[in-house]
Amino acid sequence: MSTTAAEALAALADTETLLLGGVELPPQPAAHAPAPAAAPAVAGPAEPIYDDETADDIQGHVIPGFNKDFQQFLFLRFGDVDEARTWLAGLAPQVATMRDVLGFRREFRARRLMEGIREPDMTSTWLAVAFSHRGISSLASAEQADAFGEESFRQGLSARSTYLGDATDPAEPGHRSNWVVGGPDNEADALVVLAADQPEDLRSAVQRVRDAAESHGISVQFSQMGATLPGELTGHEHFGFKDGISQPGVRGRLSNRPDDEITPRYLDSGSPHAKLFAKPGQSLVWPGQFLLGEPRQSPQDPVQPAEPAANFPGWARRGSYLVCRRLNQDVLAFWQFAADAGEQLGVSPVHFASTLVGRWPNGAPLMRSPETADAALAGDEFANNHFLYNDVTRPSGLRPINGYPGDRFANAAGDLFAHVCPHAAHIRKVNPRDSGTDFGTPADTLLRLMLRRGIPYGEPIAGVSDPSPELVAAERGLMFVAYMSSIEDQFEFVTRRWANSAVQPNLGGHDPVIGQRDSRGDRTRTVQVRSADGELVDLTLSREWVRPTGGGYFFAPPISALTGALAGRG
Amino acid sequence: MAIVQRFNTPGRLRDVSDDSPFLDAWQPVIDELIRDRVNLSGPGNSVDPSRVGLEVREHRTFTWTGFPRPLLMQHRDDRAAAFDEADRDRQNQPEYLEWFVTRTGGTISRVEFSCETPEYYKTLARTEPDELLALYKRVLRTSAVRREDLFTAGEYEPKNKWNTTKGIVHFIMQINSMKDLLGVQQEVPTAPDQDNPGDADVDVHDGYDPLPYFRPTAADARMNWDSWALTRTGQSVATIDAPGLYMIDWDDTGFEKPDGTPVADYWTVERGENGAALRLRYEVPEPEGFHVGDIRIGGRPVTTGGQIAEHIVMAAHIVVGTEQ
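Residues numbered from 1 in each chain as written. Chains lettered and ligands numbered in written order. Predicted model: local features only at pLDDT ≥ 70, side-chain atom pairs only at ≥ 80, totals over all residues. Heavy atoms only, no water.

A. The overall build of chain B, seen in detail. Across its full length, chain B holds nine helices and 15 strands. A compact globule built from 324 residues would reach a C-alpha radius of gyration of about 20 Å, and chain B, at 21 Å, matches this within 12%. Dimensions of chain B, computed from the C-alpha atoms along their principal axes, are close to 60 × 50 × 35 Å. Put simply, 69% of the contacts in chain B that link residues at least 6 apart link residues at least 24 apart. Summed over all atoms, the accessible surface of chain B reaches about 12700 Å², with 45% contributed by carbon and sulfur. Looking at charge distribution, chain B has the averaged site of its 35 positive side-chain charges lying 3 Å from that of its 54 negative ones. (Helix = DSSP H or I, 4+ residues; strand = E, 2+ residues; numbered from the N terminus. Rg over C-alpha atoms; globule rule 2.2 N^0.38 Å. Contact = heavy atoms within 4.5 Å. Areas by Shrake-Rupley, 256 points an atom, 1.4 Å probe, with all protein chains shown as cover. Lys, Arg positive; Asp, Glu negative; His and termini not counted. Charge placed at Lys NZ, Arg CZ, Asp CG, Glu CD.)

B. Focus on the overall build of chain A. Check the secondary structure of chain A and you find 16 helices and 16 strands. For chain A, the spread of C-alpha atoms along the three principal axes comes to 65 × 60 × 45 Å. Taking all 570 residues of chain A together, 64% fall into the buried category. Long-range contacts, defined as pairs at least 24 residues apart, comprise 74% of the intrachain contacts of chain A with a sequence gap of at least 6. As displayed, chain A has an accessible area near 19100 Å², and 50% of this comes from carbon and sulfur atoms. (Buried < 20%, exposed > 50% of the residue type's maximum accessible area, 1.4 Å probe, protein only.)

C. Focus on the pattern of salt bridges. On inspection of all chains with the given rule, the structure shows 72 salt bridges over all chains. For A:Asp82, the salt bridge goes to A:Arg85, with nearest N and O atoms at 3.3 Å. Placement of the pair is A:Asp82 and A:Arg85 together in helix α3 (residues 81-91), with a separation of three residues, close to one helical turn. Here A:Arg325 and A:Asp166 are joined by a salt bridge, their closest N and O atoms 2.8 Å apart. Of this pair, A:Arg325 sits in strand β10 (residues 320-329) while A:Asp166 sits in the loop between α8 (157-160) and β3 (190-196), and the two are 159 residues apart along the sequence. Within this structure, A:Glu151, A:Arg160, A:Glu488, A:Asp489, A:Glu492, A:Arg497, B:Arg79, B:Arg300 and B:Glu310 form a network of salt bridges that share partners. (Salt bridge = Lys/Arg side-chain N within 4 Å of Asp/Glu carboxyl O.)

D. Here's a closer look at the interface of chain B and chain A. Each partner contributes residues to the interface: chain B has 55 residues there, and chain A has 59 residues. Summed over both sides, the interface of chain B with chain A buries roughly 4700 Å², with 49% coming from carbon and sulfur. Summed over the shared surface of chain B and chain A, the number is 15 salt bridges. With its nearest N and O atoms 3.0 Å apart, the salt bridge here joins A:Glu488 to B:Arg300. Linking chain B with chain A are 36 residue pairs in polar contact (both at pLDDT 80 or more). Sort the elements by how many residues they give to the side of chain B that touches chain A and helix α8 (residues 218-232) of chain B lands first, with eight residues. The residue makeup of the side of chain B that touches chain A, split by class, is 23 nonpolar, 13 polar and 19 charged. (Buried area = accessible area lost by both parts, 1.4 Å probe. Polar contact = N/O pair within 3.5 Å; in protein donor to acceptor, adjacent residues only side chain to side chain. Nonpolar A, V, L, I, M, F, W, Y, C, P; charged D, E, K, R; others polar.)

E. Summary view of the packing of helix α1 (residues 3-10) of chain A against helix α10 (residues 331-345) of chain A. Residues and elements named next belong to chain A. Contact geometry for α1 and α10: axes closest at 8 Å, N-to-C directions at 115 degrees. The two elements α1 and α10 meet at a crossing, and its hand is right-handed. Contacts between α1 and α10 involve Thr4, Ala5, Ala8 and Leu9 from the first element and Val331, Leu332, Trp335, Gln336 and Ala339 from the second. Residue classes in the contact of α1 with α10 are distributed as seven nonpolar, two polar and no charged. (Axes fitted to C-alpha atoms, helices over the stretch in contact; angles between N-to-C directions. Left-handed = near helix turned anticlockwise from the far one by under 90°.)

F. Expanded view of the side chain of A:Asn186. Residue and element names in this part refer to chain A. Following the sequence through the fold, asparagine 186 ends up in the loop between α8 and β3. For asparagine 186, a relative accessible area of 19% translates into the label buried. In terms of polar contacts, asparagine 186 uses its side chain to reach the backbone carbonyl oxygen of tryptophan 179, at 3.1 Å. Setting aside residues up to four positions removed in sequence, asparagine 186 forms contacts with Arg77, Trp179, Val180, Val181 and Gln221.

G. Fine view of the sheet that holds strand β7 (residues 282-285) of chain A. Residue and element names in this part refer to chain A. Read from one edge to the other, the open sheet built from three strands follows the order β5-β7-β6, with strand pairing classed as mixed. Both edges of this open sheet fall to β5 (249-250) and β6 (277-279), since each of them pairs with a single strand only. Relative to β7, β6 is paired through two bridges, and the arrangement is antiparallel. Bridge pairing in β7 places lysine 279 opposite glutamine 282. (Pairing = 2+ DSSP bridges.)

H. Expanded view of the sheet that holds strand β10 (residues 255-256) of chain B. Residue and element names in this part refer to chain B. A sheet is described by the order of its strands in space; here three strands give the open sequence β10-β13-β14, paired in antiparallel fashion. Only two strands of the sheet have a single partner each, and these edge strands are β10 and β14 (300-301). In this sheet, β14 lies alongside strand β13 (residues 296-297) in antiparallel orientation, the contact comprising two bridges. If you follow isoleucine 297 over to β14, its bridge partner there is arginine 300.

I. Representation of the pairing of strand β15 (residues 536-540) of chain A in the model. Residues and elements named next belong to chain A. Burial of the side chains of β15 is restricted to one face: Val537 and Leu539 are buried, whereas none of Leu536, Asp538 and Thr540 on the reverse face is. Inspection of the sheet shows strand β14 (residues 526-530) paired to β15 by five bridges, in the antiparallel sense. By the bridge assignment, arginine 530 is partnered in β15 with leucine 536. Hairpin connection of β14 to β15: five residues between the antiparallel strands, including glycine 534 at a positive phi of 90 degrees.

J. Just the packing of aromatic side chains, in detail. All names here are of chain A. A full pass over the atoms with the stated rule returns 49 aromatic pairs over all chains. A centroid spacing of 6.1 Å and a plane angle of 50 degrees characterise the contact between phenylalanine 75 and phenylalanine 222, whose relative ring orientation is tilted. Here phenylalanine 75, found in strand β1 (residues 70-77), pairs with phenylalanine 222, found in strand β4 (residues 219-227); they are 147 residues apart in sequence, far enough to count as distant. Here the two residues phenylalanine 75 and phenylalanine 222 agree in accessibility, since each one is buried. Relative to phenylalanine 382, the ring of tyrosine 266 lies with its centre 5.3 Å away and its plane at 85 degrees, an arrangement referred to as edge-to-face. (Phe/Tyr/Trp six-rings, centres within 6.5 Å; stacked < 30°, edge-to-face > 60°.)

K. Region of interest: the environment of A:Arg176. Note that A:Arg176 resides in the loop between α8 and β3. For the pair A:Arg176 and A:Ser161, spaced 15 residues apart in sequence, the C-alpha to C-alpha distance is 6.8 Å. Beyond its immediate chain neighbours, meaning those up to four positions away, A:Arg176 contacts A:Ser158, A:Ala159, A:Ser161, A:Thr162, A:Gly183, A:Pro184 and B:Glu256. At 2.8 Å, the side chain of A:Arg176 and the backbone oxygen of A:Ser158 are in polar contact. A polar side-chain atom of A:Arg176 sits 3.2 Å from a polar atom in the side chain of B:Glu256.

L. Spatial organisation of the confidence of the model for chain B. Model confidence for chain B is summarised by a mean pLDDT of 94, while 96% of its residues fall at 70 or above. For this predicted complex, the interface score ipTM comes out at 0.96, alongside a pTM of 0.97. (pLDDT = per-residue confidence, 0-100.)

M. Main features of the packing of helix α4 (residues 118-127) of chain B against helix α5 (residues 129-140) of chain B. Residue and element names in this part refer to chain B. Between α4 and α5, the least distance of the axes is 5 Å, while the angle of their chain directions is 130 degrees. Here α5 runs oblique to α4, going by the angle between their axes. Between α4 and α5, the contacting residues are Tyr120, Tyr121, Leu124, Ala125 and Thr127 on the first element and Pro129, Leu132, Leu135 and Tyr136 on the second. Class assignment of the residues belonging to the contact of α4 with α5 gives a composition of eight nonpolar, one polar and no charged. (Parallel < 35°, antiparallel > 145°, perpendicular 65-115°, else oblique.)

N. Main features of the nonpolar core. The biggest cluster of nonpolar side chains holds 191 residues, and the ones touching the most others in it are A:Trp335 and B:Phe113. Of the residues forming this core, the biggest block, nine residues, is contributed by α10(A). In this structure A:Trp335 touches A:Met1, A:Ala5, A:Ala8, A:Leu9, A:Leu12, A:Phe239, A:Phe241, A:Pro349, A:Val350 and A:Ala353, once residues within four positions along its chain are discounted. Core analysis: the second largest hydrophobic core is formed by 42 residues, A:Ala96, A:Ala188, A:Phe222 and A:Leu291 among them. (Core = buried A, V, L, I, M, F, W, Y, C linked by side-chain atoms within 4.5 Å.)

O. Expanded view of the environment of A:Thr4. All names here are of chain A. Residue placement: threonine 4 occurs in helix α1. With relative accessibility at 42%, the residue threonine 4 sits in the partly exposed group. A C-alpha to C-alpha distance of 8.2 Å links threonine 4 and glutamine 336, two positions 332 residues apart in sequence. Once residues lying within four places of it in the same chain are set aside, the contact partners of threonine 4 are Ala339 and Pro349.

Listed below in structure tokens is the structure:
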């Protein structure tokens, strides 16, 4: 690794983010508080209400997500089916519900913004469970498993691997035959995700789950711990970039009480797109895009709901498909490329790397801060995701929020020709926002969004000066986890059609972060960037820095199914 | 000064000699389809590059997927139904890509794709009927085509048997044409009213404002959204010369032979060139010992031509600049 690249990697330790503090969010009801009904702040179609019973049936990892600093992924293989069902009955009460997690998240978030700290003093330990087609076949029946209309789920990740651009040569480390789990011969039946705020809490929870599973003849095929990066890189992935800033806002409410939406709404009713966004840059999406059988997104109209899907067994309603990809990251290769290409273009490695991502390492978007990693912008959750790509972004128009000074940052200018943010930049590839795409309007793009729940694994090297040879050689990467109601129309669509394509959704190269390509053995990927004088430059990505090493397609059922259909009581 | 003096043929193909009357006849065909100047969205215009001077600053390529988006939306939960319906009738193929499937013993052995417009062939029929016949024979690789197969009472019949039941030469779907391509590029945003579309202008500041948008095809939305965003910057847009539609990319990632290994390159550009094909054939060479229908894409057997079309990316090109 060159000195320039090593220095850029080490300098990530100095990544600066100025968090908001003293902000008092509009109160949301406690999860159990009764209150009179009230009209929503922004008029629009009625959104579904998830009362206590239904909110207790939806897994909390799906909505709103665990977002814990320490997580463990247990890939399980069943032995005796009756034993597995008994184990599952014992596990069911431990599964975190949407209502529990949402209540925790509301309080956690309010305290974080009020106290201006990343980690308020609140802890909990949560559990989620999901099953492969193979696992459901065992627990319920082959007929029940085949009743899932999602063909990709029925096939499994391994069967779809080369379609996703993974290596076709078995000699390549990313080939499915080399995966640690989820390959042709080592597909898991179930995936248990445990999450905690403290490592010791996680360890004891994992031990309890392992003991219970093994006592019922269930083997742990593979276990992977995930953990957030330390210090200033908390919430970042291993290349050093803040991850998970832009998540869709799920429509729906817990009750008719004021402000009892699943996703809090912060836009004033007079804001230009108050019906489309929950907060600046956070698109509102109907829950059926993530939960089977719920009202989903219309292909043409971003506000009105479309009919729910019905191509699944009845007991699976309000469950969600889970895509897991264990992605190895070669951090040194990424930063070496950034250093080399940056030198060629006359920009710093961190600036060039940020153009590949579309955000600076601290999360500040290039679209709003093209030249510097603005620390205040990065830490302002009402501003750091507020930008369009094609047109000048208008001010967001927030409801009054006590203590929030307002969005003080320069609005994003239109960047139709990708002078600021390349079309291939990771965040522009996977969510083109206001742009047209190869599949139509921004209304179609909302059909492609997923709820991402990933977390890094392995020892960090970002921010480390003079790393030891052992640290350099250590494996690290991302446990990519995402929920959706159609694997083919969401995860596979975004991966194959956008990230892996040089011409979709816009001409300009492959996604330089997650893009995979294997066209008859040719794994060459390219990216178009602008030189300092604005000329388009085609760069060939010299090495692969993200490789799949395992995973699976799973289904996270409603909690009631754990003691119902999946317990053989369908 | 106008940047186009004389519109070229799609792909700059030369099916006729340089002194053919076809070339003179082609110019007014295009000219009639482009208005001098249409205000689109914001201050910029769509202009006729043969009549309005333009200082070109950028080129823009619109890309979209060749498989019909309307069918995927109509059959959101049953993709097999969408593929079956697309193959059943070329009227179901509205994304400026049409295809013809040949089967051998019930298995797909060849899929031919075309994005050639009826206007080109009609003009050829009117000015160079002998060349039209020769072209049909060349494209279809058969000498069986007869002049009377192509003409009815002296008029060219686009839906003749060689361009319907026995093969494909050019578009027959009613909204796949040069007229529609250039027409879409001159459309303005209208009030989003599903029951009464197309009347009032709307106040558009960004890509969310024209929503909802009820035309279901990917191609129309793609061209509208890009053109409108471009003219909102104050610049004007115009078709490149030559106006036309192209297959810009085809992706066989994840296509596997019966033995599970990756396929070889079975694509043949029959008209146009790589990155700008007007006619494309997908067929396994005989020595390989299997057919297209024996290939699996992402683990799924190929039973329809649409499964191949899904991996073809279409394109149209424009220039962007300041009016002079």
